[in-house]
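Working through the structure, step by step
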Amino acid sequence: MYELYIDGVLFPVTPGSLDIKINNKNKTITLINEGEVNLIKSPGLSDITIPELLLPINKYPLSCEAAYYLSKLEKWKNQKNPVTLKFNRYKVSDKHLIEDIIMDVTIEEYEIMEDADKYGSDVCVKLNMKEYRHWGAKKLVPKDKKTK
């Protein structure tokens, strides 16, 4: 059992798969007379892909119509700010939380797919996100006010 939240919005149908690719920033260089060596760096930003996110066209008791979720995706893409992705995984037998993935992400791109044979009147979205790391200048505050 899974739950998918983006920026606090619970999506009505949990996707069948979620792909998280942890990117590499290592660099291989060749030294004179020593051969190749690998310079190990911190991991790069992760890419998160949801290949099929089903959005029901009809409103059900605990969800909104597809238009609501599509408008949220458009807003998040255009606002140029990160959103919080939360993916909860529960143990089916007792609904005990096993794992949750919580990370700030940016909506990189999404593709709206309509296929009457596959989805009926519902809409499906392919969603690509990228991990967001907060950055900026750090303010140093001296511990001792007497020291300049």
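Residues numbered from 1 in each chain as written. Predicted model: local features only at pLDDT ≥ 70, side-chain atom pairs only at ≥ 80, totals over all residues. Heavy atoms only, no water.

Details of the overall build of the protein chain
Put simply, the rule is: Helix and strand assignments come from DSSP, with helices taken as H or I runs of at least 4 residues and strands as E runs of at least 2, each series counted from the N terminus. Accessible area is worked out with a 1.4 Å probe on protein chains only. A residue is then buried under 20% of its type maximum, exposed over 50%, and partly exposed in between.
The secondary structure content of the protein chain amounts to two helices and nine strands. Starting at the N terminus, the α and β elements of the protein chain follow one another as β-β-β-β-β-β-α-β-β-α-β. Principal axes of the C-alpha set define a box for the protein chain whose edges measure 60 × 55 × 40 Å. Within the protein chain, buried positions represent 28% of all 148 residues.

Some words on the pattern of salt bridges
What counts is decided by this rule: Any Lys or Arg side-chain nitrogen found within 4 Å of a carboxyl oxygen on Asp or Glu counts as a salt bridge.
Within this structure, the stated rule accounts for three salt bridges. Between Asp47 and Lys130 there is a salt bridge; the shortest N-O distance is 2.6 Å. Highlighted residues: Asp47 in strand S6 (residues 47–55) and Lys130 in strand S9 (residues 123–131), separated in sequence by 83 residues. Classification of Asp47 as partly exposed rests on a relative accessible area of 23%. Its relative accessible area of 24% is what places Lys130 among the partly exposed residues. Across the salt bridge formed by Lys118 and Glu52, the nearest N and O atoms sit 2.8 Å from each other.

A closer look at the pairing of strand S4 (residues 27–31)
Rules: Any two strands with at least two DSSP-identified bridges between them are counted as paired.
Judged from the five bridges that link them, S4 and strand S5 (residues 35–39) form a sheet pairing that is antiparallel. Its bridge partner being in S5, Leu31 is matched across the sheet by Gly35. Hairpin connection between S4 and S5: a loop of three residues separates the two successive antiparallel strands, and Asn33 in this loop has a positive phi of roughly 60 degrees.

Structural notes on helix H1 (residues 66–78)
Worth spelling out the cut-off: Helices are assigned an expected span. That span is 1.5 Å times one less than the residue count. The arc in question is the one spanned by the directions pointing from the helix axis to the C-beta atoms. Here a residue-residue contact requires only that any non-hydrogen atoms of the pair lie within 4.5 Å.
Across its 13 residues, H1 extends 18 Å between first and last C-alpha, which sits within 8% of the 18 Å expected from 1.5 Å per residue. Those residues of H1 that sit buried are Ala66, Tyr69, Leu70, Lys72, Leu73 and Trp76. One side of H1 carries all its buried residues, which in axial view fall inside an arc of 155 degrees. Of the surrounding elements, those touching the buried residues of H1 are strand S1 (2–6), strand S2 (9–10), S6, strand S7 (83–91), strand S8 (96–113) and S9. The first or second residue beyond H1 is Lys80, which carries a positive phi of 60 degrees.

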